[in-house]
Amino acid sequence: DAARLPLVNSWTAGVAREIGRGLTMDLLYVGSRSSHLGLTGNNTQINFVPIQYLALGNLLFQPINSAAAQAAGFKEPFPGFATQLGANTVAASLKPFPQYTSVTANSTRLMEGKAQYDSFQIKATQRLTGGLSMVSFYTYMRNRSNTNYTVQYPGELPLAIDPGTPPHIFSLSWSYELPFGRDRAFLSGDSGIVSAIVSGWRLSGALRYQSGAALTITASNNLAPLGYAIKYANRVEGVDVYKDELKGFDPATDRYLNAGAFVAPAAFALGNAVGPLDYVRGFTQKSEALSLARTFNIGNHRL
């Protein structure tokens, strides 16, 4: 199954309407459902202790022929297990491949990945009217998948928010031909040096605002020998994730997140803040630009 190609079903529904002179509005819904996606990254490790055995705690690190292991009823999974190097503990005996310390799938761990994408988009376009043109859009997106996990789970991996898909994006770009000089509303009758100075000017601007990336909150990990690369933190219910006051935030001295909103889980627990977390995001990304340009003729060429 590792060579199976992904399956993607997608659909789009929308309506476009002119609502004013040169102004059109587009409303659009885009959705998709994907399956048979490759699970990459740390998910390539497939020889891990099943999650239900983590409750055994330190017993997992005991040799299979130790008194503690024998008292708990554990035995060699095959003759010679107790004397093999590197994989002779209770934990190793519980792994899917007890004869090996580690087993990884090359590039992908079977094609078990799934994804769900839903997006609602609003777009406004102002064609050049009175010297003004504009394009603006707002997009709300929700993209969830199970391809970004770094912790193994029994059975099917649950869907989690995709960290690279911000839920909100707003963008606006516009251009305005200033009404001065030749063929314009003001100073069109002037000639010579005045017309040469004031004609052909264009003011343009652009901005883009989007939500921050979803964050993953991890804790110190003692489970790597058991096949769990990362351990998530525990969420403290009722405690605000963000600090109350972000005005005048100084990254050199101030904290963005409230450290009291998360705690380290018990030694052999994975934590319940399974990330990436939709409710814990980085800073909003903002981009703004303004430009002033002039169009003029050099010989028969317009620049």
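About the cut-offs
- Residues numbered from 1 in each chain as written.
- Predicted model: local features only at pLDDT ≥ 70, side-chain atom pairs only at ≥ 80, totals over all residues.
- Heavy atoms only, no water.
- Core = buried A, V, L, I, M, F, W, Y, C linked by side-chain atoms within 4.5 Å.
- Buried < 20%, exposed > 50% of the residue type's maximum accessible area, 1.4 Å probe, protein only.
- Helix = DSSP H or I, 4+ residues; strand = E, 2+ residues; numbered from the N terminus.
- Contact = heavy atoms within 4.5 Å.
- Salt bridge = Lys/Arg side-chain N within 4 Å of Asp/Glu carboxyl O.

### What about the nonpolar core?
Counting 20 residues, the largest nonpolar core has Leu60, Phe74, Val90, Leu223, Leu226 and Tyr228 as its most contacted members. No other element matches helix 2 (residues 90-94), which puts 4 residues into this core. Residues in contact with Leu226, not counting those within four places in the same chain, are Phe48, Val49, Leu54, Leu60, Phe61, Ala91, Lys95 and Phe268. Judged by nonpolar contacts, the second largest core, of 8 residues, contains Ile217, Ala233, Ala261 and Phe262.

### Section: the pattern of salt bridges
For the structure on display, the rule yields 5 salt bridges. Between Glu177 and Arg202 there is a salt bridge, and its shortest N-O distance comes to 3.0 Å. A residue pair is termed long-range when its members are at least 10 positions apart, and Glu177 in strand 6 (residues 168-177) and Arg202 in strand 7 (residues 201-210) qualify at 25 residues. A relative accessible area of 18% means that Glu177 is categorised as buried. On the basis of relative accessibility, which here comes to 29%, the residue Arg202 falls in the partly exposed class. Across the pair Asp278 and Arg281 runs a salt bridge whose closest N-O atoms are separated by 2.8 Å. By relative accessible area, which is 35% here, Asp278 ends up partly exposed. We classify Arg281 as buried; its relative accessible area is 8%.

### A few points about the environment of Gln285
Turning to its location among the elements, Gln285 is positioned in strand 14 (residues 285-294). With relative accessibility at 44%, the residue Gln285 sits in the partly exposed group. Each C-alpha atom of the pair Gln285 and Pro166 lies 9.8 Å from the other, and the pair is 119 residues apart in sequence. Not counting residues up to four positions away in its chain, the partners in contact with Gln285 are Arg208, Tyr209 and Gln210.

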